[in-house]
Amino acid sequence: MHDTRETVRVGVISLGCAKNLVDSEVMLGHLDRAGATFVRDPAEADVLVVNTCGFIGPAREESIQTILEAAEFKKTGRLKRLVVAGCMVQRYHGELRESLPEVDAFVGLDELDRVVERSGLRACEPPSDAASYGRSAYLYDHAAPRRLATPPWTAFVKIAEGCDHTCAFCAIPSFRGAFRSRAIDDVVAEARTLAELGVREINLVAQDSSHYGRDRGREEGLASLLRALDGVDTLRWIRVHYLYPNTVTDGLVQAMATLPRVVKYVDMPLQHAHPEVLRRMRRGGDARRHMELLGRFRGAMPQAALRSTLIVGFPGETDAEFAELLRFVETAGLDHLGVFTYSHEVGTAAAGLSDDVPEAVKEARRGELLELQRGLVAERNALRVGEEV
């Protein structure tokens, strides 16, 4: 292979979640090994790679808009090749090929290593775009090349891929595939490599982090992983994201509370508080059980910061059901809260329900929840004035 380091400039645009960012970093690693020179300004790129999000309608709209904006650099910049990768490719490959002739090549979730040839840095077989797209089965390991796109002191580590839950609003299992965990030794090996590069905080991500290890027969898999990572002396902080309320165990709570390098931070999407809405969402639970779970964390970690996300406007959500959600937020004492309006997704269980909450009502409910949360946080923060952290 000839040296392309001085001749091929590559830009990568990563959309969506932190899990998607890890995929982008793996692609960056493969491109780096192939001799690519990276640029931040898309106008300076010979090749642009757009890693898309296909989760909900607004994310797809952002992805399409980004692709079209990137394609304009073929006219205004030096762009010769546009590559589109990620979740939207896995989910809508056929439609994208037909509707986006501006795109030169596609990269699915199971073929991140093919980004080099799809970008034109290495010769490839013509049927490169005839790959099978469906439920992904790929799971990266510590040997996969990565080039971090985060500040040098922090990094995301994907500990598992896919999801086994059947939440009615979510299509992720249909393209990300079944839940599959990395081995503990493999995650620790990656953490040690990152620490040697100067990373001091690692952020563990998965679709359901508290389910980690169960597919490998480890009921307390995440607790065991945290204990192993806590032994990496050069790390300073280990932060866990995306705990699923139904898979949190007492062993996990105690591990998070007692391990010195584990940040006392609970990130747990609860989605709603009314039992009927949660039943329709296929999640189960209610406000009382949510409060009991939050109480278990607070009992073990009184100073823990609590973060959650909620969905408003799910099919059939009544004023009374939303009022219960307001009451829950008022009493839950959450430090951080994200609120999303429901997106009606083809291929999900909820797609068979009537999307009967008007968009204006969804937005109004979202605004009301966030306004309530802002006031509650301001009150709690006022009590901390003068505190040294």
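Just so you know, these numbers come straight off a predicted model, no measurement behind them.

### Concerning the overall build of the protein chain
- From N to C terminus, the protein chain includes 13 helices and 13 strands.
- Taking the principal axes of the C-alpha coordinates as reference, the protein chain spans close to 60 × 50 × 45 Å.
- Out of the 389 residues belonging to the protein chain, those deemed buried represent 54%.
- In the protein chain, once contacts between residues fewer than 6 apart in sequence are set aside, the share between residues at least 24 apart is 76%.
- Total accessible area on the protein chain stands at roughly 17,300 Å², and carbon and sulfur atoms take up 51% of it.
- Side chains of the protein chain carry 49 positive and 57 negative charges; the gap between the two charge centres is 3 Å.

### As for the sheet that holds strand E1 (residues 9-14)
- A sheet is described by the order of its strands in space; here five strands give the open sequence E2-E1-E3-E4-E5, paired in parallel fashion. In this open sheet, the two strands that pair with only one neighbour each are strand E2 (37-38) and strand E5 (105-107).
- Against the sheet, helix H1 (residues 18-33) engages E1, E2, strand E3 (47-52), strand E4 (81-86) and E5, with an angle of about 170° to E1.
- Of the strands in this sheet, E3, E4 and E5 touch helix H4 (residues 87-99), which is tilted by about 130° from E4.

### Quick word on the nonpolar core
- Formed by 83 residues in total, the largest nonpolar core has its most connected members in Ile159, Ile202, Leu204, Leu226, Leu243 and Phe297.
- Leave out the neighbours within four places in its chain, and isoleucine 159 touches Ser181, Arg182, Val187, Leu204, Val205, Ala206, Ser209, Tyr212, Leu222 and Leu225.
- Judged by nonpolar contacts, the second largest core, of 19 residues, contains Ala45, Leu100, Phe106 and Tyr133.

### Examining the sheet that holds strand E12 (residues 305-312)
- Read across the sheet, three strands follow the order E11-E12-E13 without closing on themselves; strand pairing throughout is parallel. Each end of this open sheet is capped by a strand with a single partner; those strands are strand E11 (265-267) and strand E13 (336-341). Along the sheet, successive strands turn relative to each other by an average axial angle of 15°, direction set aside.
- Of the pairings in the sheet, the one linking E12 to E13 comprises six bridges and is parallel in character. Within E13, the residue paired with valine 312 across the bridge is threonine 341.
- Against the sheet, helix H13 (residues 359-382) engages E12 and E13, with an angle of about 175° to E13.

### Overview of unusual backbone geometry
- You will see that tyrosine 242, though not glycine, has its phi angle at about 65°, which is positive.
- Note on placement: tyrosine 242 falls in the loop between strand E10 (237-240) and helix H9 (250-258).
- For arginine 282, which is not glycine, the phi dihedral falls at a positive 65°.
- Relative to the helices and strands, arginine 282 is located in the loop between helix H10 (275-280) and helix H11 (287-300).

### Concerning the packing of aromatic side chains
- Summed over all chains, the structure comprises one aromatic pair.
- Note on phenylalanine 314 and tyrosine 342: the rings are 5.1 Å apart at their centroids and 70° apart in plane angle, and the pair reads as edge-to-face. Within this pair, whereas phenylalanine 314 is found in the loop between E12 and helix H12 (319-332), its partner tyrosine 342 is found in the loop between E13 and H13, the two being separated by 28 residues in sequence. For the pair phenylalanine 314 and tyrosine 342, one class covers both residues: buried.
- Taking NZ or CZ as reference, arginine 182 lies 4.3 Å from the ring centre of tyrosine 140, over its face.
- Cation over ring: arginine 239 sits above tyrosine 265, and NZ or CZ is 5.1 Å from the ring centre.

### Description of the layout of surface pockets
- By volume, the largest pocket amounts to about 1,200 Å³.
- Residue lining of the largest pocket: 48 residues in total, with Phe55, Cys170, Ile172, Gln207 and Gln271 positioned closest to the centre.
- Taken together, the elements giving at least two residues each to the lining of the largest pocket come down to H1, helix H2 (57-71), helix H6 (172-176), E12 and E13.
- It is H6 that provides the largest number of residues to the lining of the largest pocket, a total of five residues.
- Here the residues of the lining of the largest pocket are counted per class, giving 26 nonpolar, 14 polar and eight charged.

### Points about the pairing of E4
- Among the six residues that make up E4, five are buried, leaving the element largely enclosed by the rest of the structure.
- Direction of pairing for E3 relative to E4: parallel, over a ladder of six bridges. Bridging across to E4, asparagine 51 finds its partner in alanine 85.
- Looking at chain direction, E4 and E5 are connected through three bridges and run parallel. Counterpart to alanine 85 in the pairing with E5 is valine 107.

What counts, and at which threshold
Residues numbered from 1 in each chain as written. Predicted model: local features only at pLDDT ≥ 70, side-chain atom pairs only at ≥ 80, totals over all residues. Heavy atoms only, no water. Helix = DSSP H or I, 4+ residues; strand = E, 2+ residues; numbered from the N terminus. Buried < 20%, exposed > 50% of the residue type's maximum accessible area, 1.4 Å probe, protein only. Contact = heavy atoms within 4.5 Å. Areas by Shrake-Rupley, 256 points an atom, 1.4 Å probe, with all protein chains shown as cover. Lys, Arg positive; Asp, Glu negative; His and termini not counted. Charge placed at Lys NZ, Arg CZ, Asp CG, Glu CD. Pairing = 2+ DSSP bridges. Axes fitted to C-alpha atoms, helices over the stretch in contact; angles between N-to-C directions. Core = buried A, V, L, I, M, F, W, Y, C linked by side-chain atoms within 4.5 Å. Phe/Tyr/Trp six-rings, centres within 6.5 Å; stacked < 30°, edge-to-face > 60°. Lys NZ or Arg CZ within 6 Å of the ring centre and 35° of its normal. 1 Å grid on protein atoms, 1.4 Å probe; cavity = no way out; pocket = protein on both sides within 12 Å on 5 of 7 lines; lining within 4 Å. Points joined across faces, edges and corners; volume = space filled by probe spheres on them. Nonpolar A, V, L, I, M, F, W, Y, C, P; charged D, E, K, R; others polar.

Interpretation in functional terms is not warranted from these geometric data alone.
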